[in-house]
Amino acid sequence: MAAQGRHGGQESNKMTALVVDDNTVNRMIHHRLLDNLGIENVAVVNGKEAVDIHCSGKTFDLILMDMDMPVMNGIEATRQLREMGIRSMIAGVSTRSMEREIREFIEAGLDDYQEKPLTMSKLISIVHKING
């Protein structure tokens, strides 16, 4: 029997990512950037779906988390994921530029924060922190 990987499937060296964003265009951009780096990725549309997918047993190396979303925002989702013991790299990706809001997002448990739009160079800097 093949060994189970930490992602619940067959053992694989391929990095995995979860894109959490309610905006279709942003999800598509993030998906393409991740694909271009060879990173398998799944997208959900709000923080509750991000928490739920982890409750179902899936884990990811990287979570790209938007701040402003319906149902559950990125701050609350990040806080809940950390309380659940999720150790994935969580990178906040948002258009917000007010320092107080960014600080609240970071304090919820972010490992990194990038202002939108997410570019290949920003994504590479996040991925290097995982591999670094």
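In the block above lies the structure referred to throughout.
This section reports on the structure supplied with the text. (Residues numbered from 1 in each chain as written. Predicted model: local features only at pLDDT ≥ 70, side-chain atom pairs only at ≥ 80, totals over all residues. Heavy atoms only, no water.)

## With respect to the overall build of the protein chain
Spelled out, the test is: Strands are runs of DSSP state E lasting at least two residues, helices are runs of H or I lasting at least four, and both sets are numbered from the N terminus onward. Radius of gyration: C-alpha atoms only; globule rule: 2.2 Å multiplied by the number of residues to the exponent 0.38. Exposure categories follow from relative accessible area, calculated using a 1.4 Å probe and restricted to protein chains: below 20% of the type maximum is buried, above 50% is exposed, and the middle band is partly exposed. Whether two residues touch is decided by their heavy atoms; if any such pair falls within 4.5 Å, the residues are in contact.
A tally of regular secondary structure across the protein chain gives five helices and five strands. When the elements of the protein chain are put in sequence order from the N terminus, they spell out β-α-β-α-β-α-β-α-β-α. Its C-alpha radius of gyration of 14 Å places the protein chain within 12% of the 14 Å reference for a compact globule of 132 residues. Looking at the protein chain as a whole, 45% of its 132 residues qualify as buried. A separation threshold of at least 6 residues defines the contact pool for the protein chain, and within that pool the share at least 24 residues apart is 62%.

## Some details on the nonpolar core
Quick note on the threshold: Within this scheme, the nonpolar core is defined by two criteria: the residues are buried Ala, Val, Leu, Ile, Met, Phe, Trp, Tyr or Cys, and they are joined through side-chain atoms within 4.5 Å.
Counting 22 residues, the largest nonpolar core has Leu18, Val20, Ile63, Met65, Leu81 and Phe105 as the members making the most contacts within it. If we ignore the near neighbours within four places in the chain, the residues touching Val20 are Val44, Asn46, Gly47, Ala50, Ile63, Leu64, Met65, Asp66 and Met69. Ranked by size, the runner-up nonpolar core spans 15 residues in total, among them Val19, Leu64, Leu123 and Val127.

## Let's talk about the pairing of strand 4 (residues 89-94)
Short version of the rule: Note on pairing: two strands pair once DSSP finds at least 2 bridges between them. Every crossover in which the path from the first strand over the helix to the second runs clockwise, viewed with the strands pointing away from the viewer, is termed right-handed.
The buried fraction of strand 4 is high, at six of six residues. Of the two faces of strand 4, the one holding Met89, Ala91 and Val93 and the one holding Ile90, Gly92 and Ser94 are both buried throughout. Two strands pair when backbone bridges link them, and strand 3 (residues 62-65) and strand 4 are joined in this way by four bridges, in the parallel orientation. What sits directly across from Leu64, in strand 4, is Ala91. The parallel pair strand 3 and strand 4, bridged by helix 3 (residues 74-83), forms a crossover whose chirality is right-handed. Of the strand pairs in this sheet, strand 4 and strand 5 (residues 112-115) are connected by four bridges, and their pairing is parallel.

## Some thoughts on the pattern of salt bridges
Definition in use: The term salt bridge refers to a side-chain nitrogen of Lys or Arg lying within 4 Å of a carboxyl oxygen of Asp or Glu.
This structure, assessed with the given rule, holds seven salt bridges. For Asp21, the salt bridge identified is with Lys116, shortest N-O distance 2.8 Å. Linking Asp21 in the loop between strand 1 (16-20) and helix 1 (24-36) with Lys116 in the loop between strand 5 and helix 5 (120-131), this pair joins segments that are 95 residues apart in sequence. Accessibility expressed as a relative area gives 1% for Asp21, which makes it buried. Classification of Lys116 by relative accessible area gives buried; the value is 13%. Between Lys116 and Asp66 there is a salt bridge whose closest N-O contact spans 3.1 Å. Placement of the pair is Lys116 in the loop between strand 5 and helix 5 and Asp66 in the loop between strand 3 and helix 3, with a sequence separation of 50 residues. Asp66 gets classed as buried once you look at its relative accessible area, which sits at 5%. Linked through salt bridges whose partners overlap, the residues forming this network are Asp21, Asp66 and Lys116.

## Topic: the packing of helix 3 against helix 4 (residues 99-107)
Just so we agree on the cut-off: Helix axes are fitted only over the stretch in contact, all axes being lines through C-alpha atoms; the angle between N-to-C directions runs from 0 to 180 degrees. The cut-offs work like this: below 35 degrees is roughly parallel, past 145 is roughly antiparallel, 65 to 115 is roughly perpendicular, and the gaps in between are oblique. In this classification, the charged set is Asp, Glu, Lys and Arg, the nonpolar set is Ala, Val, Leu, Ile, Met, Phe, Trp, Tyr, Cys and Pro, and all remaining amino acids, among them Gly, are polar.
Running from N to C, helix 3 and helix 4 point in directions that differ by 20°, and their axes come no closer than 8 Å. With respect to their mutual orientation, helix 3 and helix 4 come out roughly parallel. The segment helix 3 lies against helix 4, with Gly74, Ile75, Thr78 and Arg79 engaging Glu101, Glu104 and Phe105. Taken together, the residues of the contact of helix 3 with helix 4 sort by class into two nonpolar, two polar and three charged.

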